[in-house]
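# Reading the structure
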Amino acid sequence: NTFINTPNTPAGTYYWHVQAKDAAGNFSAWTTPWKIIVDNTAPAATFTFPTPGPTATSFTVNFSEKVKAAEAKNPANYFLNNWPGAGGSGNLTGHATVVYNTSSHIATVTFTTPGWYISAEQQWGVQNIHDLAGNLLSPNPTTAYSTNLVNPTAPGTPTTTSPNNSYA
């Protein structure tokens, strides 16, 4: 296994080597130093959405570092929390393909279900993704809205917004 659990070890780069001593007190030569990198940092994810509409059939997720490709390519790890009654909520298995670029750490999610596209104010998410050291995505799950949420207003009602409150 190329990864070991290192609880309480500060993150950083470490080197180690060994030397053997026999029963007569003779020492061997030192081994070639081994390099160990301790990674305690969880990966983060940011979403990029196109302008919502019928032609917006994909979005990207940029991970802050390399993550396990099998997890990043799995549509079950991506999901939609749609408005109540709107349908389509749940993971994207059977509704999308995911291509993960290991160099750029970017996953491109493309819808395969006819009629699916990015709409305004949809909440999308990603979960259960680990970096190469085994650290779990933080926060897990990570979600983002396709556009900023807009408070509803009743027609003809004046709206006042201040830093401390909002009235509609």
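Report follows, based on the coordinates.

About the thresholds
Each residue is numbered by its place in its chain's sequence as written, counting from 1. Whole-chain, interface and lining totals are the exception, using all residues; otherwise, since this is a predicted model, local features are given only for residues with pLDDT of at least 70 and side-chain atom pairs are given and counted only at 80 or more. Neither water nor hydrogens contribute to the side-chain values; these are computed over all heavy atoms in the structure. Two strands make a pair as long as DSSP finds a minimum of two bridges between them. Starting at the N terminus, helices and strands are each numbered in turn, a helix being any DSSP run of H or I of at least four residues and a strand any DSSP run of E of at least two. Angles run from 0 to 180 degrees between N-to-C directions of axes, and those axes are lines fitted to C-alpha atoms, restricted for helices to the stretch in contact. Only protein chains enter the accessibility calculation, which uses a 1.4 Å probe; a residue whose area is less than 20% of its type maximum is buried, one above 50% is exposed, and one in between is partly exposed. Put simply, buried Ala, Val, Leu, Ile, Met, Phe, Trp, Tyr and Cys residues joined by side-chain atoms within 4.5 Å make one nonpolar core. Any two residues whose heavy atoms approach within 4.5 Å at even a single point are treated as in contact. Polar contacts, as counted here, are pairs of nitrogen or oxygen atoms within 3.5 Å of one another; within protein the pair requires one atom able to donate a hydrogen and one able to accept it, and residues that are adjacent in sequence qualify only if both atoms are side-chain atoms.

### Some remarks on the sheet that holds strand β7 (residues 96-101)
One open sheet accounts for four strands, arranged β3-β4-β8-β7; its pairing is antiparallel. Each edge of the sheet is formed by a strand with only one pairing partner; in this case those strands are β3 (45-48) and β7. Between one strand axis and the next, the sheet turns by 20° as a mean value, whatever way the strands run.

### Thoughts on the pairing of β7
Here β7 shows a clear split, with Ala96, Val98 and Tyr100 buried on one side and none of Thr97, Val99 and Asn101 buried on the other. Relative to strand β8 (residues 106-111), β7 runs antiparallel, the two sharing six bridges. Residue pairing for β8: Tyr100 is matched across the bridge by Ala107. Between β7 and β8, which follow one another and run antiparallel, lie four residues, and His105 among them has a positive phi close to 65°.

### So, the nonpolar core
Core analysis: the largest hydrophobic core is formed by 25 residues, its most contacted members being Phe47, Phe59, Val61, Phe63, Tyr78, Trp124 and Val126. Residue assignment for this core shows that the elements contributing at least two residues are β3, β4 (58-63), β5 (78-81), β7, β8 and β9 (123-126). Non-local contacts of Tyr78, meaning those with residues more than four positions away in its chain, are made with Val61, Phe63, Glu71, Ala72, Gly90, Asn91, Leu92, Val98, Ala107, Val109, Gly125 and Val126.

### Looking at the sheet that holds β9
Strand pairing in a sheet is mediated by backbone hydrogen bonds. Such pairs are either parallel or antiparallel. With antiparallel pairing, four strands are arranged side by side in an open sheet as β6-β5-β9-β10. Whereas interior strands pair on both sides, the edge strands pair on one side only; in this sheet they are β6 (90-91) and β10 (142-145). In terms of strand pairing, β9 meets β10 through four bridges, oriented antiparallel. From the neighbouring strand, Gly125 faces β10, where its bridge partner is Thr143.

### Examining the side chain of Asn135
Mapped onto the fold, Asn135 is located in the loop between β9 and β10. Among the polar contacts made by the side chain of Asn135, one reaches the main-chain carbonyl oxygen of Thr41 at a distance of 3.2 Å.

### Some points on the environment of His17
Here His17 is to be found in the loop between β1 (12-16) and β2 (34-38). Residue classification places His17 among the partly exposed positions, given a relative accessible area of 36%. Spatially, the C-alpha atoms of His17 and Trp34 are 6.2 Å apart, while their sequence positions differ by 17 residues. His17 has contacts with Trp30, Thr31, Thr32 and Pro33, leaving out every residue within four places of it along the chain.

### Details of the environment of Tyr78
Topologically, Tyr78 is positioned in strand β5. Judged by its relative accessible area of 0%, Tyr78 falls in the buried class. Residues Tyr78 and Gly90 lie twelve residues apart in sequence; the distance between their C-alpha atoms is 8.4 Å. Among the polar contacts listed, one links the side chain of Tyr78 to the backbone oxygen of Ala72, at a separation of 2.6 Å.

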